[in-house]
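The lines below spell out each chain.
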Amino acid sequence: MSTTSSDPVITSYAQAPTRTLSAGGVTFAYRELGPKGGVPVVFFVHLAATLDNWDPRIVDPIAKDHHVITFDNRGVGASTGEVPDSVEAMADDAYSFIRGLGFDKIDVFAFSLGGMVAQALVVAHPELVRKLVLTGTGPAGGKDIDKVAGTTYYDILRATLTRSDPKEFLFFNRNATGKPAAKAFVKRLQERTVDRDASITTKAFRTQLKAIKRWGRSAPADLSKITQPTLIANGDNDRMVPSVLSEDLHRRIEGSELVIYRDSGHGGIFQFHQQFAPVAVGFLAH
């Protein structure tokens, strides 16, 4: 069915239909919303995440004026194939998907592992990316990135013992401000009630952790190659991808902007979505 201008524009992520696209031997599951035209904003998701892990309070404000696309990387959720064991191979898949959609220029919104994939994509294909939003992430060879797996398994265990969502431990401080923010975030992820994505498999999750470890132990990338306008954001107490790495990215990417939210962790942008969403919207606007 062809899309005509009379079709209503979907601006609520909870309502965005799941579509598929075959590219590079993979059938990618993706969702799109917001007005078509202009440079689309492609969202790169975090470790163990599927299409259902994006906070609608971040996606929806951006989709008000931008064509937004979220996708499952190879072997995750409803996308076919096996998860690659390197961040660079994940970036190759993302490139296949984006080119398969017919785009030769995009903006990137990336979180955590997605931010690592985005960096690899920009270094490999600088002409593809206009603007870059890197949140809760770090550079190749970044200090303590290779310890992400240990932190993750520890927090999954803590969450299991308390029958909680692991993200409550991994993304938020366990204090008077962090705990309610965590509950609210997990609740927002449930706003979509139909056509939900398949969860990541344990095997795929472990392969992603292996890729993150390799990224952390690899030689530092030359980030002076990143000349795109870049917005970097995080909480001040990120236990997964240490907050100092956001400062490291900011130092190494010339002209980048840095936003750090006090008294928050890896999910600082979700805890402070009311403050952060307008910042991201403003950054992508011009």
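Please refer to the structure placed before this passage.
Bear in mind the structure is a predicted one, so any value in this text is a computation, not a measurement.

(A) Examining the packing of aromatic side chains more closely. Counted by the stated rule, this structure contains 17 aromatic pairs. Geometrically, the ring pair formed by Phe171 and Phe270 is stacked, given 6.4 Å between the ring centres and 20 degrees between the ring planes. On the criterion of sequence distance, the pair formed by Phe171 in the loop between helix H5 (166-170) and helix H6 (178-188) and Phe270 in helix H9 (residues 268-271) is long-range, its members being 99 residues apart. Like Phe171, the residue Phe270 is buried in the burial classification. Aromatic rings pair up to connect Phe43, Trp54, Phe109, Tyr261, Phe272 and Phe276 into one cluster. Across from the ring centre of Phe283, 5.2 Å away, lies the NZ or CZ of Lys131, which sits over that ring. We note Arg174 situated over the ring of Phe169; from NZ or CZ to the ring centre the distance is 4.1 Å.

(B) Here's a closer look at the packing of helix H2 (residues 87-100) against helix H3 (residues 113-124). Relative to each other, H2 and H3 sit at 75 degrees, their axes nearing to 8 Å. As judged from the angle between their axes, H2 and H3 are roughly perpendicular. The residues of H3 that touch H2, namely those facing Val87, Glu88, Met90, Ala91, Tyr95 and Ile98, are Leu113, Met116, Val117, Ala120 and Leu121.

Rules and cut-offs
- Residues numbered from 1 in each chain as written.
- Predicted model: local features only at pLDDT ≥ 70, side-chain atom pairs only at ≥ 80, totals over all residues.
- Heavy atoms only, no water.
- Phe/Tyr/Trp six-rings, centres within 6.5 Å; stacked < 30°, edge-to-face > 60°.
- Helix = DSSP H or I, 4+ residues; strand = E, 2+ residues; numbered from the N terminus.
- Buried < 20%, exposed > 50% of the residue type's maximum accessible area, 1.4 Å probe, protein only.
- Lys NZ or Arg CZ within 6 Å of the ring centre and 35° of its normal.
- Axes fitted to C-alpha atoms, helices over the stretch in contact; angles between N-to-C directions.
- Parallel < 35°, antiparallel > 145°, perpendicular 65-115°, else oblique.
- Contact = heavy atoms within 4.5 Å.

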